[in-house]
Amino acid sequence: CSRHLGRPCDSIAYPYGEVDARVARASAHAGYRAGASLSSSLRHRGPMREARVGIYRVDRWWRFRLKMSRPIRILRATPLWPASVR
């Protein structure tokens with residue numbers, strides 16, 4: 001990627017959003033400074049396991065707006081939002 005873009009590529013979005021401690025360590029060892037995963041919770045888990053919001057083709061406009069709304073993102077970053085909610 002870096003060669004094609006002509007600039008450093010220092011972040012990674014894990015395939016299918018799946019990441020565990022082993023994968024995060026391997027990514028850091030490979031030189032990445034940040035990694036994005038998918039999770040129902042948006043709690044901070046460190047720069048190599050940063051949660052991102054999944055946006056999908058089947059998401060309707062109202063669902064997209066809900067996912068992007070600041071109050072929902074704030075709520076998803078708190079312990080009030082269970083990790084198993086999808």
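Residues numbered from 1 in each chain as written. Predicted model: local features only at pLDDT ≥ 70, side-chain atom pairs only at ≥ 80, totals over all residues. Heavy atoms only, no water.

Section: the overall build of the protein chain
Just so we agree on the cut-off: Numbering goes from the N terminus for both helices and strands, where a helix is a DSSP run of H or I of at least four residues and a strand is a run of E of at least two. Residue contacts are counted whenever heavy atoms from the two residues lie within 4.5 Å of one another. Only the protein chains shown count as cover for residues, with accessible areas throughout obtained via the Shrake-Rupley method and a probe of 1.4 Å. Charge convention: Lys and Arg are scored as positive, Asp and Glu as negative, and His as well as the terminal groups of each chain are ignored. Lys charges are placed at NZ, Arg charges at CZ, Asp charges at CG and Glu charges at CD.
Helix and strand counts for the protein chain come out as 4 helices and 3 strands. Order of helices (α) and strands (β) in the protein chain, N terminus to C terminus: α-β-α-β-β-α-α. The principal-axis extents of the C-alpha atoms in the protein chain amount to approximately 40 × 25 × 20 Å. Partitioning the intrachain contacts of the protein chain with sequence separation of at least 6 by distance along the chain shows that 32% fall at a separation of at least 24. For the protein chain, the exposed area adds up to about 6900 Å²; of that, 58% sits on carbon and sulfur atoms. Seen as two clouds, the 18 positive and the 5 negative side-chain charges of the protein chain have centres 5 Å apart.

Considerations on unusual backbone geometry
Backbone geometry places Tyr16, a non-glycine residue, at a positive phi of 60 degrees. Note on placement: Tyr16 falls in the loop between strand S1 (11-13) and helix H2 (21-29).

Here's the deal with the side chain of Arg76
Which entries qualify depends on this criterion: When a residue's accessible area, from a 1.4 Å probe over protein chains only, is under 20% of the maximum for its type it is buried; when over 50% it is exposed; and in between it is partly exposed. The salt bridge definition used is simple: a Lys or Arg side-chain nitrogen within 4 Å of an Asp or Glu carboxyl oxygen.
Topologically, Arg76 is positioned in helix H4 (residues 70-76). Nearest to the buried, unbridged Arg76 among oppositely charged side chains is Asp59, at 8.9 Å. When residues no more than four places from it in sequence are discounted, the contact partners of Arg76 are Ser39, Ser40, Ser41, Leu42, Arg43, Val53 and Trp81.

A closer look at H2
Under the convention used in this document: Definition of a polar contact: a pair of N or O atoms within 3.5 Å, with one able to donate and the other able to accept a hydrogen when the atoms are protein atoms, and with sequence-neighbouring residues admitted only if both atoms are side-chain atoms.
Sitting at the amino-terminal end of H2 is Asp20, which places a side-chain oxygen 3.2 Å from the backbone nitrogen of Arg22. Where H2 terminates, the next one or two residues include Gly31, which has phi positive at roughly 110 degrees.

Here's the deal with the side chain of Lys67
The topology assignment puts Lys67 in helix H3 (residues 61-68). Classification of Lys67 as buried rests on a relative accessible area of 11%. Reaching out from Lys67, the side chain makes a polar contact with the side chain of Asp59 at a distance of 2.7 Å. Setting aside its immediate chain neighbours within four residues, Lys67 contacts Val53, Gly54, Ile55, Tyr56, Asp59 and Arg73.

Some details on the sheet that holds S1
The strands making up a sheet associate through backbone hydrogen bonding, with each pair oriented either parallel or antiparallel. Keep this limit in mind: We treat two strands as partners when DSSP finds at least two bridges between them. Note on method: axes are straight lines fitted to C-alpha atoms, helices fitted across the in-contact stretch only, with angles between N-to-C directions ranging 0 to 180 degrees.
If you walk across this open sheet you meet the 3 strands as S1-S2-S3, and the pairing is parallel. The open sheet is flanked by S1 and strand S3 (50-52), the only strands paired with a single partner. Between one strand and the next, the sheet's axes are offset by a mean angle of 30 degrees, whatever the strand orientation. Pairing of strand S2 (residues 34-38) with S3, which is carried by 3 bridges, proceeds in the parallel orientation. Across the sheet, Ala36 pairs through a bridge with Glu50, a residue of S3.

Interpretation note: all reported values are geometric properties and have no functional meaning in isolation.
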